[in-house]
Amino acid sequence: MQRKLFLHIGSHRTATTSIQQFMHQNFEPLKKQGIFYPLRVPRHIRLMNEIFSGRDKAADVAISLSRRADNQPEDIHTLVLSDEDVSMRRDLRALVPFTERFDVKIIYSMRRQDLWLESWYFQNIKWQWNPALSHCTFEEFLQQRDAFHWIHYDRFVRHLEDLFGAENLILNVFEKQQMPQGPVVAFCNSIGLTDLTGFPPPPHVNSSMSAEMVEFVRHMPLDKLEPP
């Protein structure tokens, strides 16, 4: 029987960091449940970058992941990879070869776009990785909103359906009413982990700053500093 592979591809600002920390910190307990979160990293950004750059191929990565799962003492039935930057890429065909070895399910979380834009603005000011967005006002940021193609949900989901089939998409709504126990528990439910007995409380990390702090920080040259 094919193992399942859940590809958690975002979007940003939907508790992705908290989910990744939970999966990473519970590597061993997850394996006891038959769930493998490989490579001992919280986020699989390097792996995904290798695939999309062409330096590695999803088919070869799938073979490597299968071998890693085979080498675990537990009976692994499910693997999970997570990187929210995947959603920023316009063409996800590079991931389709995973379907040759795994039963692939795509997990994508959707947040109300107005709230997402505000949170994404705050995040760009907080970390300042994109010079074009690191110091702008909110009005200037909104003028560039068409560049955030991955929150045009109708188009983005249609692309996923064309590649993986509508039946293989797990679309979560990032609203409190839809996830009464929080986004991490909702994610666990999506991958079939419904019993969290013995697991520590889910973390809550990478929260947004206040609007006042964002206005202060956007005047600071954090993008000129070395990453540490």
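Residues numbered from 1 in each chain as written. Predicted model: local features only at pLDDT ≥ 70, side-chain atom pairs only at ≥ 80, totals over all residues. Heavy atoms only, no water.

Student: What should I look at first to understand the overall build of the protein chain in this one?
Tutor: When you go through the protein chain residue by residue, the secondary structure sums to nine helices and five strands. In the protein chain, the order of α-helices and β-strands from amino to carboxyl end is β-α-α-β-α-α-β-β-α-α-α-β-α-α. Since a compact globule built from 228 residues should have a radius of gyration of about 17 Å, the 18 Å found for the protein chain is in line with a globular shape. Dimensions of the protein chain, computed from the C-alpha atoms along their principal axes, are close to 55 × 40 × 40 Å. When the 228 residues of the protein chain are sorted by exposure, 45% land in the buried category. Considering only contacts in the protein chain between residues 6 or more positions apart, those separated by 24 or more positions represent 79%. On the protein chain, roughly 12200 Å² of surface is accessible, and the fraction owed to carbon and sulfur atoms is 50%. (Helix = DSSP H or I, 4+ residues; strand = E, 2+ residues; numbered from the N terminus. Rg over C-alpha atoms; globule rule 2.2 N^0.38 Å. Buried < 20%, exposed > 50% of the residue type's maximum accessible area, 1.4 Å probe, protein only. Contact = heavy atoms within 4.5 Å. Areas by Shrake-Rupley, 256 points an atom, 1.4 Å probe, with all protein chains shown as cover.)

Student: It is not clear to me how the sheet that holds strand S1 (residues 4-8) should be interpreted in this structure. Could you clarify?
Tutor: Strand pairing in a sheet is mediated by backbone hydrogen bonds. Such pairs are either parallel or antiparallel. Taken in spatial order, the five strands line up as S2-S3-S1-S4-S5 in an open sheet, and their pairing is parallel. The open sheet has two edge strands, strand S2 (35-36) and strand S5 (169-173), and neither has a second partner. Examined bridge by bridge, S1 and strand S3 (residues 78-82) share five bridges and lie parallel to one another. Following the sheet pairing, Leu5 is matched in S3 by Leu79. (Pairing = 2+ DSSP bridges.)

Student: Whenever I open this one, the layout of surface pockets confuses me. Can you help?
Tutor: To find leftover empty space, one rolls a probe the size of a water molecule over the atoms. Estimated volume of the largest pocket: approximately 910 Å³. Looking at the largest pocket, it is lined by 36 residues, and the ones nearest its centre are Arg13, Thr14, Ala15, Val205 and Asn206. For the lining of the largest pocket, the secondary structure elements donating two or more residues are helix H1 (16-25), helix H5 (113-127) and helix H8 (183-190). If one sorts the elements of the lining of the largest pocket by residue count, H5 sits on top with seven residues. Among the residues forming the lining of the largest pocket, the class breakdown is 14 nonpolar, 14 polar and eight charged. As a volume, the second largest pocket reaches approximately 210 Å³. Contributing to the lining of the second largest pocket are Lys126, Trp127, Gln128, Leu222, Asp223, Leu225, Glu226 and Pro227. Taken together, the residues of the lining of the second largest pocket sort by class into four nonpolar, one polar and three charged. (1 Å grid on protein atoms, 1.4 Å probe; cavity = no way out; pocket = protein on both sides within 12 Å on 5 of 7 lines; lining within 4 Å. Points joined across faces, edges and corners; volume = space filled by probe spheres on them. Nonpolar A, V, L, I, M, F, W, Y, C, P; charged D, E, K, R; others polar.)

Student: In this structure, what is going on with the nonpolar core? I would like to understand it.
Tutor: As a rule of thumb, soluble globular proteins bury nonpolar side chains together. With 47 residues, the main nonpolar core has Leu7, Ile9, Leu95, Phe98 and Phe148 as its most contacted residues. Contributing elements (two or more residues each) for this core: S1, helix H3 (45-53), helix H4 (58-70), S3, strand S4 (103-110), H5, helix H7 (153-164) and helix H9 (211-217). Ranked by residues supplied to this core, first place goes to H5 with six residues. In this view, Phe98 contacts Leu5, Leu7, Ile51, Ala58, Val61, Ala62, Leu65, Leu81 and Val104; residues no more than four positions away in its chain are not counted. (Core = buried A, V, L, I, M, F, W, Y, C linked by side-chain atoms within 4.5 Å.)

Student: I would appreciate a short explanation of the packing of H1 against H8 in the present structure.
Tutor: In a packed pair of helices, the relevant descriptors are the angle between the two axes and the axis-to-axis distance. In the contact formed by H1 and H8, the axes pass within 9 Å of each other and the chain directions differ by 65 degrees. In the packing of H1 onto H8, the handedness of the crossing is right-handed. Residue-level inspection shows Ser18, Ile19, Phe22 and Met23 of H1 in contact with H8, the latter providing Pro183, Val184, Phe187 and Cys188. Tallied by class, residues from the contact of H1 with H8 come to seven nonpolar, one polar and no charged. (Axes fitted to C-alpha atoms, helices over the stretch in contact; angles between N-to-C directions. Left-handed = near helix turned anticlockwise from the far one by under 90°.)

Student: I tried to follow unusual backbone geometry on my own but got confused; where do I start?
Tutor: Leaving glycine out, the prevailing phi sign among residues is negative, and the prevailing peptide bond configuration is trans. Here the bond from Gly10 into Ser11 is cis, since omega is 0 degrees, no more than 30 degrees from zero. When you line up the elements, Ser11 lands in the loop between S1 and H1. One non-glycine residue with positive phi stands out, namely Ala15, at about 65 degrees. Relative to the elements of secondary structure, Ala15 occurs in the loop between S1 and H1.

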